[in-house]
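# Fold and geometry: a report
Listed below are the residues making up each chain.
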Amino acid sequence: MPASERLITTCPVGCGARFEVSDVDLPEGRLLRCSACGQLVSQISETAYRASMQAFDSPEFDRPSPAEVERRRGTAARRLTRIGKLLDTTATRLKLLDVGCSRGDFVAAAADLGLHAEGVEPAAHIAEGARRAGRTVHTGQLEEQRFPAHSFDAVTLFEVIEHLKEPIALLRECHRILRPGGVLLLSTGNGESWTADAMKGRWDYFQIERDAGHVSFFNPRSITLLARRTGFSVARLRSSRVKLLAKGQALLPAYLLAKLAAEALNLPAGVLGKGHDMLVYLRRQDD
């Protein structure tokens, strides 16, 4: 595809370096890699990207089962405890904003733990559903909310930045609304994970038909550069999980062997930053 037709034409991290063609082959073309930071980006057109993003305003989007709700609540409690430790306070004293909050499940879990928690969700239908469920959720982009500077102790971005053509603007707005020393917690996939190396274009995280809107794939180096360029330092970066095959990609015996091998690799992947799930705690630096 000609560069003029692509959604992303420059490194989202702000490197200004040239793109190289990677070996990750997808229907829209091979992923491109920034020669400076290793960031992977899709060659998708803006029209196709916008069509994909419509999935997030579907009435059926993100309707977890009761068991999944409980799992998410446990995950939320652990993450909020970590934020409290980084801020040297109890989690219940925090004022938190979840950006891209979907139906507001994390907002609800934080509120149930005693936090003042709000969310921002650009998908109008989903945001309205969150409000009907009693969650404090604003509709629109973060920049449109015009929160006062230093409004929050913590901001969270779960599975958001991989959808963005230009994440720098969003992180700068997060920096503005956080108090000095505040924490930004984000999660995203790791484009330099053992999963990405093993599965390449078969990894569902790279496939926009499976994971709508995924166009930009970070790694520990590129996420650290993004943090520095937007006024943050990395307080904690952890990766987890390895997958070598997905169901249906091989006969059952081969799949089960690959699953056992992946489980054996989980611990070293976490130590070496090669897990495919990244969880990054950033601390706002003083102006």
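Above this text you will find the structure in question.
Applying the stated rule across the entire model yields 16 salt bridges. A salt bridge links K200 to D23; the shortest N-O distance between them is 3.2 Å. Of this pair, K200 sits in the loop between α7 (194-199) and β9 (216-217) while D23 is found in the loop between β1 (19-21) and β2 (32-34), placing the two residues 177 residues apart along the sequence. D23 sits in the partly exposed class, given a relative accessible area of 42%. Note that D204 is salt-bridged to K243, the shortest N-O span being 3.6 Å. Residue D204 is found in the loop between α7 and β9, and its partner K243 is found in the loop between β10 (232-240) and α9 (252-272); the two are separated by 39 residues along the sequence. One salt-bridge network, held together by shared partners, links E68, R71, R72, D105 and R135.

Attention shifts here to the sheet that holds β10. The seven strands lie next to each other as β6-β5-β4-β7-β8-β11-β10, forming an open sheet whose pairing is mixed. On the outer flanks of this sheet lie β6 (137-139) and β10, each paired with one strand and no other. Shown here is a sheet whose adjacent strand axes are inclined to one another by a mean of 15°, direction ignored. Of the pairings in the sheet, the one linking strand β8 (residues 178-189) to strand β11 (residues 277-284) comprises seven bridges and is antiparallel in character. Within the sheet, the bridge partner assigned to G189 lies in β11 and is D277. Sitting on the sheet, helix α3 (residues 105-112) touches β4 (95-99), β5 (116-121) and β7 (152-158), and the angle it makes with β5 is about 175°.

Overall, the coordinates contain six aromatic pairs when judged by the stated rule. When the ring of W203 is compared with that of F206, the centres are 4.9 Å apart and the planes differ by 75°; the resulting orientation is edge-to-face. The same class applies to W203 and to F206, which are both buried. Ring geometry for F206 and F217: centres 4.8 Å apart, planes at 80°, overall edge-to-face. Separated by eleven residues along the polypeptide, F206 in the loop between α7 and β9 and F217 in strand β9 bring together distant segments of the chain. A single burial state applies to F206 and to F217, both of which are buried. K95 extends its terminal NZ or CZ atom over the ring of F152, reaching a point 5.2 Å from the ring centre.

Attention now moves to the packing of helix α2 (residues 66-86) against α3. At a closest axis distance of 9 Å, the pairing of α2 and α3 adopts a crossing angle of 65°. Once α2 is placed against α3, the crossing between them reads as right-handed. In contact with R72, R73, A76 and L80 of α2, α3 contributes D105, F106, A109, A110 and D112. For the contact of α2 with α3, a count of residues per class yields five nonpolar, no polar and four charged.

Parameters and conventions
Residues numbered from 1 in each chain as written. Predicted model: local features only at pLDDT ≥ 70, side-chain atom pairs only at ≥ 80, totals over all residues. Heavy atoms only, no water. Salt bridge = Lys/Arg side-chain N within 4 Å of Asp/Glu carboxyl O. Helix = DSSP H or I, 4+ residues; strand = E, 2+ residues; numbered from the N terminus. Buried < 20%, exposed > 50% of the residue type's maximum accessible area, 1.4 Å probe, protein only. Pairing = 2+ DSSP bridges. Axes fitted to C-alpha atoms, helices over the stretch in contact; angles between N-to-C directions. Contact = heavy atoms within 4.5 Å. Phe/Tyr/Trp six-rings, centres within 6.5 Å; stacked < 30°, edge-to-face > 60°. Lys NZ or Arg CZ within 6 Å of the ring centre and 35° of its normal. Left-handed = near helix turned anticlockwise from the far one by under 90°. Nonpolar A, V, L, I, M, F, W, Y, C, P; charged D, E, K, R; others polar.

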